[in-house]
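# Fold and contact review
Residues per chain, in single letters:
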Amino acid sequence: WLWENVERLLRQQLGRPRAHQKALERFIGSLQQEQLTTYCRDQYKRFFQLAPSGQDFFKQSTTRLYFIAEKIVEMTVEMYRTPKKMVEELSGLGLRHVGYGVPTELFSPYVSSAVEVIRGMSTDETTESAFAWSLTLIAKIMVRTLVEGSTVVMQAINTNIEKNLKKAIAVAPRGKRAMELLNITVGTQSISPLYWAIESGSLICAQAMIEDLLTIRADRDNYYFGADALFTRHPEVIKKLSTSAPSLLEPLLEGLIWRSRVISNGYRRVNCYCKHLMQYPDGNPHQALQWLVEYGNPVTISQFTIVLVADVMWTRLVAYHFLLGRCYFLFTLCLAVTSQSFLSYPSALGEPETLERNVVVFVCRVFLYLGSMCKICYTQIRYFLADCRNGAIDRTFYIPIPQYLFSLQSGGNFVLLWLLVGMCIEEPIWHCGEFSMDSMNDHDDHSELLFATHCEHVSGGTKRVYSMFSCLAILLYWTLLLDFSIFSMHISAYVLVFGRVLSEVALFIMALVFLIISFSTAIMALEHELVDFADFGTWFLSLTQMSLAMFPQAYYQLFEHEANLLVVIIIFVLIVSIILVNLLVAQLNQAYQHVYTDMQGYARLNRASVIVTTLEGISAKRWARFLQGMKLEDRLEFNEGDVGLPGGVQIMEPAATNIVTTDSIRRFGGSSAVAMPWPEEDDSMEDRFDRLEKLILSSVKKMGKPKKSKKKESGSSTILSNLGGDSDGSGSGGSD
């Protein structure tokens, strides 16, 4: 009987969907924008008449409401075209509406009002039937999703009250407690209550959920810890919190730490469950450190868990590869200093060149041009193409600049590349090469001129240009060597502080240049008889020397007979030496105090960025050996003989570093069945405080309650007394 009825109903519907689709497409396609606007206005007017409570949920602007109504009309057509896709989209939409707390009773009047409006706009019964059938199906899917997805946890999130959330999750089985906070599935779609709490702004509940997930609970048979479930369901949770709710990063990272209450020889055990901050479930390196570097908060990066993760990865894996990669740069620096500095002083002193010296200089410089310049050029091209491919182009200064150039290391290498190119173009060995070879062919006793750097073919201007390029390149080589300061947090912090106070020095230089130009032009307007100090350039150089205490003392005697000139110079020196210099000292002092508290954090951010960059070049085999050495799958002891949870690293810290007076593991007796919920936790103290608060408020109200009076009080006094006291019918001015 059942299947016969099913067959009969199916036969009645055969062919109708196609006819309904054509009729509905034809009708909606013929609607103008004015007609759609009229439909939206009439539909909401009729809906609010049928369900006045709907006005409490449709509180958006009129344009937004009209947009929603038009999208629903489009959905009625799409339901015929792609029904499978629409079912999935509607399930996801319904799960999002679970968080809004929309009553399912509103769907029926919404459908009725929409169908009534369409009936008035069309005389075709097929069109009306097609629209009604499609919209009814959409409403049924939404209602089913809302009913199945409206869990007690989602309802508690809507209140954003921690106590309600704890009551809602208390009834969950201990084996499924974590997933009740992380996943709600309806059909093929799912939603995360935790993410919904973050996105809806219910951060009180979101923090309570994170703390509940990262609380270690135990019975006689098992330990329960929600870190695995959290990072398996949301491997990108660090990125989500850093961009949407940074205040939740601290409870998340603190929840990954367990500290023992027991002290042994002045030390306590500390378990840091950092597995999911190091690797994904498939074993690849995790991006948590990269997301925290992009977040750029020096306080967060200095949190104990992140410091431990970064230090372990640095000491056991990254430091060796970083040093190995920088050894080549260090070798290049040695060659540059040897060829440009140490082996150039004999020529500067006028001593004759030797064949051995010339050969060594030639070899070193050829290596600089081929081994250093070409390598830097290849790296720069690779970074440039990567930024162009990813669209990482900055136009802040109205010039397209690849973002990799804003890195100190990459930007320094870019400048070094062009300095080496300038050196290669102006290289004296190339200019003297023909002369040297001719000398060897004509005169055997001049063989020492091979690879000569000084000859008549090289002019003085060329030598000076080359020497300037060489000087700047050597300075830049040494500057880029500061990258090695990352091996020490103290040195790295000092270097970073030095860089951050340079802005104050730049302001001082700008003010000094302004004063020098101002006083130089002002002095030129004075009438004086000093012929040697008549042009702007001379006064600019002289005032600069005075500012730096480099002006010759003998020249001050020339100003004795020029009183006006001497007064102006005295004013300039006083402004520079007293005001500007002391202001610079005060600025540097204030800037240092401002940066000092976070300089260790910025140093750790710098090291973390190096770790992230270096990890990209480490082979999968080397990474697998590192993970194997970490032994993250081994279970860690909580106390002696108490074997606990895997996925972490155990260290011993001084007992005085963090005082622990209570065990953070919540242990429960009774049944250890996975399907049983945890016993109710003792919140009696919290309840006592709630009752005490209510008692105090009640007492305050009673104290402000007015006394009975036979005389009639004034109207204003009556109003004030009613506001301050309880309305129990005994006070004057009480309502009936």
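Higher on the page you've got the structure.
Quick summary incoming for the structure in this document. (Residues numbered from 1 in each chain as written. Predicted model: local features only at pLDDT ≥ 70, side-chain atom pairs only at ≥ 80, totals over all residues. Heavy atoms only, no water.)

The terminal C-alpha atoms of helix H27 (residues 536–547), which comprises twelve residues, lie 16 Å apart, in line with the 16 Å expected from a rise of 1.5 Å per residue. For H27, the complete set of buried residues consists of Trp539, Ser542, Leu543, Met546 and Ser547. Buried residues in H27, looked at end-on, bunch into an arc of 140°, giving them a common side. Summarising the contacts, the buried residues of H27 are in contact with helix H26 (502–524), helix H28 (553–556) and helix H29 (563–596). Among the residues trailing H27, Ala549 stands out with phi positive, at a value near 60°. (Helix = DSSP H or I, 4+ residues; strand = E, 2+ residues; numbered from the N terminus. Expected span 1.5 Å × (residues − 1). Buried < 20%, exposed > 50% of the residue type's maximum accessible area, 1.4 Å probe, protein only. Arc of directions from axis to C-beta. Contact = heavy atoms within 4.5 Å.)

What follows deals with the packing of aromatic side chains. Under the defined criterion, the tally for this structure stands at 37 aromatic pairs. For the pair Trp623 and Phe626, a centre-to-centre distance of 5.2 Å together with 35° between the ring planes defines the contact as tilted. Linking Trp623 with Phe626, this pair stays in helix H31 (residues 620–630), spanning three residues, or about one helical turn. Judged on exposure class, the residue Trp623 and its partner Phe626 are both buried. The interplanar angle of 40° and the centroid separation of 5.1 Å between the aromatic rings of Phe668 and Trp678 together place this pair among those described as tilted. A residue pair is termed long-range when its members are at least 10 positions apart, and Phe668 in the loop between strand E12 (666–667) and helix H32 (684–703) and Trp678 in the loop between E12 and H32 qualify at ten residues. Considered together, Phe668 and Trp678 belong to a single accessibility category, that of buried residues. (Phe/Tyr/Trp six-rings, centres within 6.5 Å; stacked < 30°, edge-to-face > 60°.)

All right, on to helix H19 (residues 304–342) then. Here H19 is 39 residues long, yet its end C-alpha atoms lie only 47 Å apart, well below the 57 Å a rise of 1.5 Å per residue gives. Helix geometry: H19 is bent most strongly at Val318, by close to 60°. The opening residue of H19, the one whose side-chain oxygen lies 2.7 Å from the backbone nitrogen of Thr305, is Gln303. (Bend = angle between axes of the 7 residues up to and from the residue. Polar contact = N/O pair within 3.5 Å; in protein donor to acceptor, adjacent residues only side chain to side chain.)

Tracing the sequence through the fold places Lys240 in helix H14 (residues 237–244). Once you skip the residues sitting within four places of it in the chain, Lys240 turns out to touch Tyr195, Glu199 and Ala245.

Let us look at the packing of helix H4 (residues 62–81) against helix H5 (residues 83–98). Contact geometry for H4 and H5: axes closest at 6 Å, N-to-C directions at 135°. If you check the angle between H4 and H5, you find them oblique. Seen from H4, the contacting residues are Met75, Glu78, Met79, Tyr80 and Arg81; seen from H5, they are Pro83, Met86, Leu90 and Leu93. Looking at side-chain class alone, the contact of H4 with H5 contains seven nonpolar, no polar and two charged residues. (Axes fitted to C-alpha atoms, helices over the stretch in contact; angles between N-to-C directions. Parallel < 35°, antiparallel > 145°, perpendicular 65-115°, else oblique. Nonpolar A, V, L, I, M, F, W, Y, C, P; charged D, E, K, R; others polar.)

What follows covers a nonpolar patch on the surface. On the surface, a cluster of nonpolar side chains totalling about 390 Å² of accessible area is made up of Ile509, Val513, Ile517, Met524 and Phe536. Of all the elements, H26 adds the most residues to the nonpolar patch, at four residues. Position of Val513 among the secondary structure elements: in helix H26. (Patch = residues over 30% accessible without salt bridge, like charges linked within 9 Å, V, L, I, M, F, W, Y side chains within 5 Å. Areas by Shrake-Rupley, 256 points an atom, 1.4 Å probe, with all protein chains shown as cover. Salt bridge = Lys/Arg side-chain N within 4 Å of Asp/Glu carboxyl O.)

Bridging between strand E9 (residues 635–639) and strand E10 (residues 642–646) involves three bridges; their strand directions are antiparallel. Within E10, the position partnered with Arg635 by the bridge is Pro646. Two successive antiparallel strands, E9 and E10, enclose a turn made up of two residues, where Gly641 displays a positive phi of approximately 85°. (Pairing = 2+ DSSP bridges.)

Right, let's talk about the sheet that holds strand E4 (residues 223–224) for a bit. Sheet strands line up and pair through hydrogen bonds in the backbone, either parallel or antiparallel. If you trace the three strands from one edge of the open sheet to the other, you get E4-E3-E12, paired in mixed fashion. Pairing within the sheet leaves two strands with one partner each, and these edge strands are E4 and E12. Where strand E3 (residues 217–218) lies against E12, two bridges are found, and the strand directions are parallel. The residue bridging Ala218 from the neighbouring strand is Arg667, located in E12.

To continue, consider the packing of helix H21 (residues 355–390) against helix H22 (residues 408–425). The packing of two helices is summarised by the inter-axis angle and the distance between the axes. In contact at an axis separation of 9 Å, H21 and H22 are set at 135° when each is read in the N-to-C sense. On the basis of their axis angle, the class for H21 and H22 is oblique. The handedness of the crossing between H21 and H22 is left-handed. Contact residues: Leu368, Tyr369, Ser372, Met373, Ile376, Cys377, Gln380 and Tyr383 in H21; Ser410, Asn413, Phe414, Leu416, Leu417, Leu420, Val421, Met423 and Cys424 in H22. Classifying every residue of the contact of H21 with H22 by side-chain character gives 13 nonpolar, four polar and no charged. (Left-handed = near helix turned anticlockwise from the far one by under 90°.)

Now for the environment of Gly283. Summarising the element assignment, Gly283 is placed in the loop between helix H16 (275–278) and helix H17 (288–295). By relative accessible area, Gly283 is classed as buried at 18%. Not counting residues within four places of it along the chain, the set of residues in contact with Gly283 comprises Trp623 and Leu627.

The next point concerns the sheet that holds strand E5 (residues 257–259). Strand order in the open sheet formed by three strands is E5-E6-E11, with antiparallel pairing between adjacent strands. Of all the strands in the sheet, just E5 and strand E11 (649–654) have a single pairing partner and so form its edges. Strand-to-strand twist in this sheet, taken as the mean axis angle between neighbours without regard to direction, amounts to 25°. With three bridges joining them, E5 and strand E6 (residues 267–272) adopt antiparallel strand pairing. Among the inter-strand pairings, Arg259 is bridged to a residue of E6, identified as Val270.

Moving on: the nonpolar core. Leu194, Ile216, Leu230, Ile238, Leu241 and Leu277 are the most contacted members of the largest nonpolar core, which has 122 residues in total. When residues in this core are grouped by element, the largest group, eleven residues, is from H19. Setting aside its immediate chain neighbours within four residues, Ile216 contacts Tyr223, Tyr224, Phe225, Trp258, Tyr273, Phe638, Leu645, Ser664, Ile665 and Arg666. Residues Ile376, Leu419, Leu420 and Met423 belong to the second largest nonpolar core, which totals 21 residues. (Core = buried A, V, L, I, M, F, W, Y, C linked by side-chain atoms within 4.5 Å.)

A few words now on the pattern of salt bridges. When charged atoms on two side chains of opposite charge get close, those side chains can pair. One pass over the full model with this rule turns up 20 salt bridges. Between Glu25 and Arg81 there is a salt bridge; the shortest N-O distance is 2.8 Å. One end of the pair, Glu25, is in helix H2 (residues 16–29); the other, Arg81, is in helix H4, with 56 residues separating them in the sequence. Residue class for Arg81 comes out partly exposed when judged on its relative accessible area of 45%. Put simply, Glu25, Glu78 and Arg81 are held in one network by salt bridges that share partners.

Quick look at the layout of surface pockets now. Estimated volume of the second largest pocket: approximately 860 Å³. Lining the second largest pocket are 26 residues, and of these Phe58, Ile68, Leu93, His97 and Met142 lie nearest its centre. For the lining of the second largest pocket, the secondary-structure elements that each account for two or more residues are H4, H5, helix H6 (107–121) and helix H7 (125–149). In terms of residue class, the lining of the second largest pocket is made up of 19 nonpolar, two polar and five charged. (1 Å grid on protein atoms, 1.4 Å probe; cavity = no way out; pocket = protein on both sides within 12 Å on 5 of 7 lines; lining within 4 Å. Points joined across faces, edges and corners; volume = space filled by probe spheres on them.)

Worth remembering: the numbers are spatial, not functional.
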